[in-house]
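Analysis of the macromolecular model
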Amino acid sequence: QVQLVESGGGLVQAGDSLRLSCAASGRAVNSCYMGWFRQAPGKEREFVAGIRWSGGSTYYADSVRGRFTVSRENAKTTMYLHMKRLRPEDTAVYYCAADPASTSFSISVREYEYWGQGTQVTVSS
């Protein structure tokens, strides 16, 4: 079992920055691939960014590359999503997720076994 709790969402203006946190606990997180996903109203949940906890390799969706940065802090078993130059189209509920089973990184929602409750990010124009 992995428990995930997101925090840091809020209402910001276009161009602003925001940092999301995902506190992980439970089984060995350092064996997981971790991901950030988002879901806007009426749309499917989509991959945003991810990180391999062991080693720190990172992965990004094209829509956020260069604006978002994913990182993790081992001592706190916390993953972060640093978001810069936010746009109204970034508005969504953001979820963190853990994939303990895969041997390679995946952007597919179906590969992630554990999910947080989500945190709302709203970007006004």
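Provided above is the structure to which this section pertains.
Notes on the structure follow. (Residues numbered from 1 in each chain as written. Predicted model: local features only at pLDDT ≥ 70, side-chain atom pairs only at ≥ 80, totals over all residues. Heavy atoms only, no water.)

Concerning the environment of Tyr94
Applied cut-off: Helix and strand definitions here come from DSSP, where helices need a minimum of 4 consecutive H or I residues and strands a minimum of 2 consecutive E residues; each element is numbered from the N-terminal end. Note on contacts: a residue pair is in contact if any heavy atoms of the two residues lie within 4.5 Å. Under the rule applied, a polar contact is a pair of N or O atoms within 3.5 Å (in protein, one hydrogen donor and one hydrogen acceptor; residues adjacent in sequence only if both atoms are side-chain atoms).
Its location among the elements puts Tyr94 in strand E9 (residues 92–99). For the pair formed by Tyr94 and Gly118, sequence separation is 24 residues and the distance between their alpha carbons is 5.3 Å. Setting aside residues up to four positions removed in sequence, Tyr94 forms contacts with Glu6, Leu20, Phe37, Arg38, Val48, Phe68, Leu81, Met83, Gly118, Thr119 and Val121. Of the polar contacts made by the side chain of Tyr94, one reaches the side chain of Arg38; its length is 2.9 Å. Of the polar contacts made by the side chain of Tyr94, one reaches the backbone oxygen of Asp90; its length is 2.6 Å.

A word on the state of the cysteines
For clarity, the threshold we go by: We call a pair of cysteine sulfur atoms a disulfide whenever their separation is within 2.5 Å. Throughout this description, buried means an accessible area under 20% of the type-specific maximum (1.4 Å probe, protein chains only), exposed means over 50%, and partly exposed covers the range between.
The final tally for this structure, using the stated rule, is one disulfide. Paired by a disulfide, Cys22 and Cys96 hold their sulfur atoms 2.1 Å apart. Disulfide Cys22 to Cys96: torsion about the S-S bond roughly 65 degrees, handedness right-handed. Of this pair, Cys22 sits in strand E3 (residues 18–26) while Cys96 sits in strand E9, placing them 74 residues apart in sequence. Classification of Cys96 as buried rests on a relative accessible area of 0%.

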